[in-house]
Amino acid sequence: MATATAPTTLPQANEPCWCGSGRKYKRCHKKLEGRVLPGDVSPMRSVPDHIARPPYADTGEYEPWDESRVKSPEIIEAMRHSGKVASTVLSEAGAMVAPGITTEEIDIFVHERFIELGAYPSTINYHGYPKACCTSVNEVICHGIPDSRVLLDGDICNIDVTGWTGGVHGDTNATFFVGDVDPESRQLVEVTEECMWHGIEAAKAGRPLSDIGRAIEDHAKQYKYGVVRAFVGHGIGEQFHTDVQVLHYYDSRASVIMRPGMTFTIEPMITLGTINYKIWDDDWTAVTSDGKRTAQFEHTLLVTDSEPEVLTGGEGAASPFAPWNR
């Protein structure tokens, strides 16, 4: 989406808006001051033919099937590899985050790095999504499309990557600081990471999925933060999303019992203000209705007979272990 760039000196409220719409500034772009605005989105990049492709890669059409919630040892081993690949790509992409870098540049790196590692970037053409990752800045909750917007000092930027290799997906994300970030935003990011790990530690065989949402929500409430309800964690394996839904808030109806061999993501989105959201005209980008900031962290995990195994964590990951174990 092409968008004009605001000038250094902005007009007065009753003057014509800088964008050329003919409307007064106060009726046009003034209400968007400080908000993330869409930039130019480049065409979808191709993936070389030698990279194995998921079923939707060429058509963008996804037909779900009844995949077992409990994975076979072979699938689990493949997911360990795909998880490690995704973790590597996320950590390296996060190292790029700095003032002056565009989210498009991050996406190009993610695209090329997945290919170098023999993986297909799962998001490309998934229901038509055009890029190799999602980049969600400041008030963008999730599904931000990488574009020409430059990251600014003080921003926070979530990068969400998923790779398909060995017939399975590995999915992970983290929120990174862009330069000198204010204390309020810094605390939001740190608490969001803690929320994810509280949720992970609640993933116990024999317990309902609602334990995960309870653990996340209880921690977020201590800081009076909001927990987004519209977007949830999901089962994952041979399919990008399976029928397991992992709520990040407590709901007694989330009564599915966790069993060894189940694989799913935990990916809380935590807000400074409202949990209500709007979707941009691109039909993907979700932003907080009040424009206040939001952060997210995500891991893919395996339920075991004891502690959960974090398939996208460990040494070298953007969020390797729970902060209290580091």
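Bear in mind the structure is a predicted one, so any value in this text is a computation, not a measurement.

## Overview of helix α3 (residues 183-201)
With 19 residues, α3 extends 27 Å from end C-alpha to end C-alpha; this agrees with the ideal 27 Å at 1.5 Å per step. Among all positions of α3, only Ser185, Leu188, Val189, Val191, Thr192, Glu193, Glu194, Cys195, Met196, Trp197, Gly199 and Ile200 are buried. N-capping of α3 is provided by Asp182, with a side-chain oxygen placed 3.1 Å from the backbone N of Glu184.

## A look at the pairing of strand β14 (residues 299-302)
The alternating pattern of β14 places His299 and Leu301 on one face and Thr300 and Leu302 on the opposite face, and all of these are buried. As paired elements, strand β9 (residues 263-266) and β14 share four bridges and run antiparallel to each other. Bridged to Ile266 within β14 is His299. Here two bridges tie β14 to strand β15 (residues 309-310), and the two strands are oriented antiparallel to one another. Directly across from Leu301, in β15, lies its bridge partner Val310.

## Describing the environment of Glu67
Counting through the fold element by element, Glu67 comes out in the segment before α1 (73-94). For Glu67, a relative accessible area of 7% corresponds to the buried category. Counting along the chain gives 171 residues from Glu67 to Glu238, while the straight-line C-alpha distance between them is 7.7 Å. If we ignore the near neighbours within four places in the chain, the residues touching Glu67 are Gly237, Glu238, Gln239 and Thr242.

## Observations concerning the nonpolar core
With 65 residues, the main nonpolar core has Val110, Ile159, Val161, Ile212, Phe264, Ile266 and Ile270 as its most contacted residues. For this core, the element with the highest residue contribution is α3, accounting for seven residues. Other than its neighbours up to four places away in sequence, Ile266 contacts Met196, Gly199, Ile200, Ile212, Ile216, Val246, His248, Phe297, Glu298, His299 and Leu301.

Cut-offs and rules
Residues numbered from 1 in each chain as written. Predicted model: local features only at pLDDT ≥ 70, side-chain atom pairs only at ≥ 80, totals over all residues. Heavy atoms only, no water. Helix = DSSP H or I, 4+ residues; strand = E, 2+ residues; numbered from the N terminus. Expected span 1.5 Å × (residues − 1). Buried < 20%, exposed > 50% of the residue type's maximum accessible area, 1.4 Å probe, protein only. Polar contact = N/O pair within 3.5 Å; in protein donor to acceptor, adjacent residues only side chain to side chain. Pairing = 2+ DSSP bridges. Contact = heavy atoms within 4.5 Å. Core = buried A, V, L, I, M, F, W, Y, C linked by side-chain atoms within 4.5 Å.

These figures capture arrangement, not role.
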